[in-house]
Amino acid sequence: MTNDELRAYDQKHLWHPYTSMLNPSPVFPVASADGVYLTLETGQRLIDGMSSWWACIHGYNHPQLNQAIHAQVEKMSHVMFGGLTHRPAIDLAKKLIDLTADNLQHVFFADSGSVAVEVAIKMALQYWYAQGKTEKQKLLTVRNGYYGDTFGAMAVCDPVNGMHGMFRNILADNIFVEAPACEDGEAWRDEMIAEMAQALHTQHQNIAAVIIEPMVQNAGGMRFYCAEYLRQLSQLCKQFNVLLILDEIATGFGRTGSLFAYQQANIEPDILTIGKTLTGGYMTLAATLTSTKVAQGISADGSGVLMHGPTFMANPLACSVANASIDLLLASNWQEKVNHIEQQLTQELAPCTNLEVVKNVRCKGAIGVVELHHPIDINWMQPRFVELGVWIRPFGKLVYLMPPYIIEKAELSKLTQAIYQVVSEFSSSQTIT
Ligand SMILES: *Cc1c(COP(=O)(O)O)cnc(C)c1O
C-alpha cells in the first residue's frame, strides 16, 4: 500500500482514540521513531512534543530499553501470573516499593492505567466492605479530573468535560467538588479546600476514598495546583477515616520535577496508581500500590481475596522494559533536565500570552501549556504542525508540550516556535471571521 492507501484504509476501518467513523480526523502513518524524532511513511521527520501521551520519556528506539526486551524475549515473552511468578515482576515490584512512600508495600500489576484505577477503586471498596462498613461505597473527587475510560474510572472523571457524559445514568453515583484552585506559591486560604472539607464532614460515612491526580490535573484540563492542597487533603482524609487514592499515571517518574508529584507535598497515599511512563513508553503496563493496612484489611474478611486478575498481569516483557526504564532514569540527571525544560518552556512560551486567542500560559516541570479562550479546530491545526515538522497534539482549548526528557535545547525551541506560529495564525483567522 502507498502512503495514501494506508491513510485511506485506516480512515475507513480503524478507530483511533475518540474519533468518528463518519467523519474521521486526519492520521499520519509513522514508519519508525528514534530519539525525539518520528519518521513518517513519507520520509518526513517530526520532533515529538508529546512523548506519545507523556510516556516515552527517554525517547524512541533507546538501545538500553531495546536490549532489555531482546534479552527477555529470548527467555519468555509471557507466562500466566496465577500460581507462577518471575524475576522481572519481582524486581519491578521491589523498585516501586523502594521508590515510593514507606507505607506502600504491596503491588498489583495491571495492563493499562484505566485498569490500575479500577483496581485502586476496588481495593478501597473491598477494604471498607471487609471492615463491615458496607455503607462506605462512594468516591469523592474533584472536577476536571481524568482517570481513564473504563466504567469505574469514568465515574470519577469530570462529569461535564470528562468525555463520558452520555453514560452518566449508568455510572456509579460519586461525589464531586470544585477542582483545586490554588497556584503554586499562592498564600494558602482554608476556603481553597472548603467544599472538599464540607463533603468529607457531612458524607464521610458513605465515602470509601478520595481520588485525585496530585499537583497536576492532566487530560481533564492541564491544571496545576499547590502542594498545600494535598497536605490539607491528606489531613482531612485521616481525620474522617477516608482512604486517599493518588493517581500518578501521568505525573509519575519525574514529569513535574520530583520523582512522584505527591512528594512535593510530603504525604503518603493509601493507594497509588502509576502507568504511562512506567515502561518508558514501550509497552502497556500499570501498577496499583497500597499499604499493608489496606492490603491486610481487604484480606481480613469475606472472600479474603482481591477480586481482580488480568490475563496478561505482570507481563514479563513489559516488566523487563520497565526495570530498564527506571534504571535508566535513576542513572540520568533527569532532575536537571526537567528543570532546564521547565525554564526553557517558561521563557519561550511566554510570548504566546500576547496573542489575543490565548487565555493563559503555564509551565510546570516538563509540561508547558498554552490555554486558549476557545476550542481549537484539530483538523486544521494538526496538519499545520506536521507541515512545520513537529508532532504536537492539542485537545479542547489546550495546546501543550510534554516532550521526552532527552530533548535538546534547539529541538525544544522548534516546538515552542511552532506553537507560537500556529497559535498566532489561529489568532488571525479568529479575528477575520
Ligand atoms: C492516561 C491516564 C489514565 C488512564 O490510563 P490508560 O493507560 O490510558 O488506561 C488514568 N489516569 C491518569 C491520570 C491518566 O493520565
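Notes on the structure in this doc start here. (Residues numbered from 1 in each chain as written. Predicted model: local features only at pLDDT ≥ 70, side-chain atom pairs only at ≥ 80, totals over all residues. Heavy atoms only, no water.)

## Overview of the overall build of the protein
Scanning the protein from N- to C-terminus turns up 13 helices and 16 strands. Taken over C-alpha atoms, the radius of gyration comes to 22 Å for the protein, in line with the 22 Å a tight globule of 433 residues would show. Buried positions account for 54% of the 433 residues belonging to the protein. Within the protein, contacts between residues separated by at least 24 positions form 70% of all contacts whose residues are at least 6 apart in sequence. Surface accessibility of the protein: about 19100 Å² in total, with carbon and sulfur atoms responsible for 52%. Across the protein, 29 positive and 41 negative side-chain charges occur, with their mean positions spaced 2 Å apart. (Helix = DSSP H or I, 4+ residues; strand = E, 2+ residues; numbered from the N terminus. Rg over C-alpha atoms; globule rule 2.2 N^0.38 Å. Buried < 20%, exposed > 50% of the residue type's maximum accessible area, 1.4 Å probe, protein only. Contact = heavy atoms within 4.5 Å. Areas by Shrake-Rupley, 256 points an atom, 1.4 Å probe, with all protein chains shown as cover. Lys, Arg positive; Asp, Glu negative; His and termini not counted. Charge placed at Lys NZ, Arg CZ, Asp CG, Glu CD.)

## What to know about the side chain of Thr273
Relative to the helices and strands, Thr273 is located in strand β11 (residues 271-274). You can call Thr273 buried: its relative accessible area is 1%. In this structure the side chain of Thr273 is engaged in a polar contact, spanning 3.0 Å, whose partner is the side chain of Asp247. Setting aside anything within four residues of it in sequence, one finds Thr273 in contact with Ala116, Val117, Ala120, Leu246, Asp247, Glu248, Ile249, Ala287 and Thr288. (Polar contact = N/O pair within 3.5 Å; in protein donor to acceptor, adjacent residues only side chain to side chain.)

## Looking at the pairing of strand β13 (residues 358-364)
In regular strands, side chains alternate between the two faces of the sheet. Across 6 bridges, the pairing between β13 and strand β14 (residues 367-372) is antiparallel. Bridging from a neighbouring strand, Lys364 pairs with Ile367 of β14. (Pairing = 2+ DSSP bridges.)

## With respect to helix α5 (residues 113-130)
For α5, with 18 residues, the first-to-last C-alpha span of 25 Å sits near the 26 Å given by 1.5 Å per residue. Just beyond α5, the residue with positive phi is Gly132, at close to 80 degrees. (Expected span 1.5 Å × (residues − 1).)

## Some points on the layout of surface pockets
Vacant regions in the atomic arrangement are exposed by a probe of water-molecule size rolled over the atoms. Here the second largest pocket defines a volume of roughly 330 Å³. Around the second largest pocket sit 14 residues that line it, and Glu183, Arg223, Phe224, Tyr225 and Arg362 are the ones nearest its centre. Where the lining of the second largest pocket is concerned, the elements lending two or more residues are β9 (223-224) and β13. Among the elements that take part in the lining of the second largest pocket, β13 stands out by supplying 5 residues, more than any other. Considering only residue class, the lining of the second largest pocket consists of 7 nonpolar, 1 polar and 6 charged. Three or more residues apiece are contributed to the lining of the second largest pocket by two domains, here domain 1 (3-61 + 333-432) and domain 2 (75-331). (1 Å grid on protein atoms, 1.4 Å probe; cavity = no way out; pocket = protein on both sides within 12 Å on 5 of 7 lines; lining within 4 Å. Points joined across faces, edges and corners; volume = space filled by probe spheres on them. Nonpolar A, V, L, I, M, F, W, Y, C, P; charged D, E, K, R; others polar. Domains from an automatic or database assignment.)

## Quick word on the site of the ligand
Residues in close proximity to the ligand include Trp54, Ser112, Gly113, Ser114, Tyr146, Tyr147, Gly148, Glu213, Asp247, Ile249, Ala250 and Lys276, which together make up its full environment. Backbone polar atom of Gly113 to an oxygen atom of the ligand: 2.8 Å apart, as the coordinates give it. Asp247 places a polar side-chain atom, nitrogen or oxygen, 2.6 Å from a nitrogen atom of the ligand. Within the shell around the ligand, the residues separate by chemical class into 5 nonpolar, 4 polar and 3 charged. (Near = heavy atom within 4 Å.)

## Some details on the sheet that holds β13
What the 3 strands build is an open sheet, ordered β13-β14-β16; its pairing is antiparallel. The open sheet has two edge strands with one neighbour each: β13 and β16 (398-401). Between one strand axis and the next, the sheet turns by 10 degrees as a mean value, whatever way the strands run. Pairing analysis gives 4 bridges linking β14 to β16, with the strands arranged antiparallel. Opposite Glu371, over in β16, you have Leu398 as the bridge partner. In the packing of helix α11 (residues 334-349) onto the sheet, contacts are made with β13, β14 and β16, and the angle to β13 comes to roughly 165 degrees. (Axes fitted to C-alpha atoms, helices over the stretch in contact; angles between N-to-C directions.)

## Things to note about the state of the cysteines
Evaluation of the coordinates by the stated rule reveals 1 disulfide. Each sulfur in the disulfide pair Cys182 and Cys226 lies 2.2 Å from the other. Between Cys182 and Cys226, the disulfide has an S-S torsion of -90 degrees and is therefore left-handed. Remark: Cys226 occurs in the loop between β9 and α8 (227-239) and Cys182 occurs in the loop between β6 (175-177) and α7 (194-203); sequence separation between them is 44 residues. With respect to class, Cys182 is no different from Cys226; both count as buried. With no disulfide of its own, Cys157 has Cys237 as its nearest cysteine by sulfur position, at a separation of 19 Å. Its relative accessible area of 1% is what places Cys157 among the buried residues. (Disulfide = S-S within 2.5 Å.)

## Topic: the packing of aromatic side chains
Taken as a whole, this structure holds 9 aromatic pairs when the rule is applied. Considering the side-chain rings of Phe151 and Phe167, the 5.7 Å spacing of their centres and the 65 degrees angle between planes classify their relative orientation as edge-to-face. With Phe151 in helix α6 (residues 151-154) and Phe167 in the loop between α6 and β6, the pair connects residues that are 16 residues apart, well separated along the chain. Here Phe151 falls in the partly exposed class, since its relative accessible area comes to 44%. Ring centres of Tyr225 and Tyr229 lie 5.5 Å apart, and the angle between their planes is 75 degrees; this geometry places the pair in the edge-to-face category. Among the aromatic side chains, those forming a connected cluster through ring pairs are Trp54, Phe395 and Tyr400. Geometry around Phe28 places Arg7 over its ring, the cationic atom sitting 5.0 Å from the centre. Between the NZ or CZ atom of Arg45 and the centre of the ring of Tyr37, over which it lies, the distance is 4.3 Å. (Phe/Tyr/Trp six-rings, centres within 6.5 Å; stacked < 30°, edge-to-face > 60°. Lys NZ or Arg CZ within 6 Å of the ring centre and 35° of its normal.)

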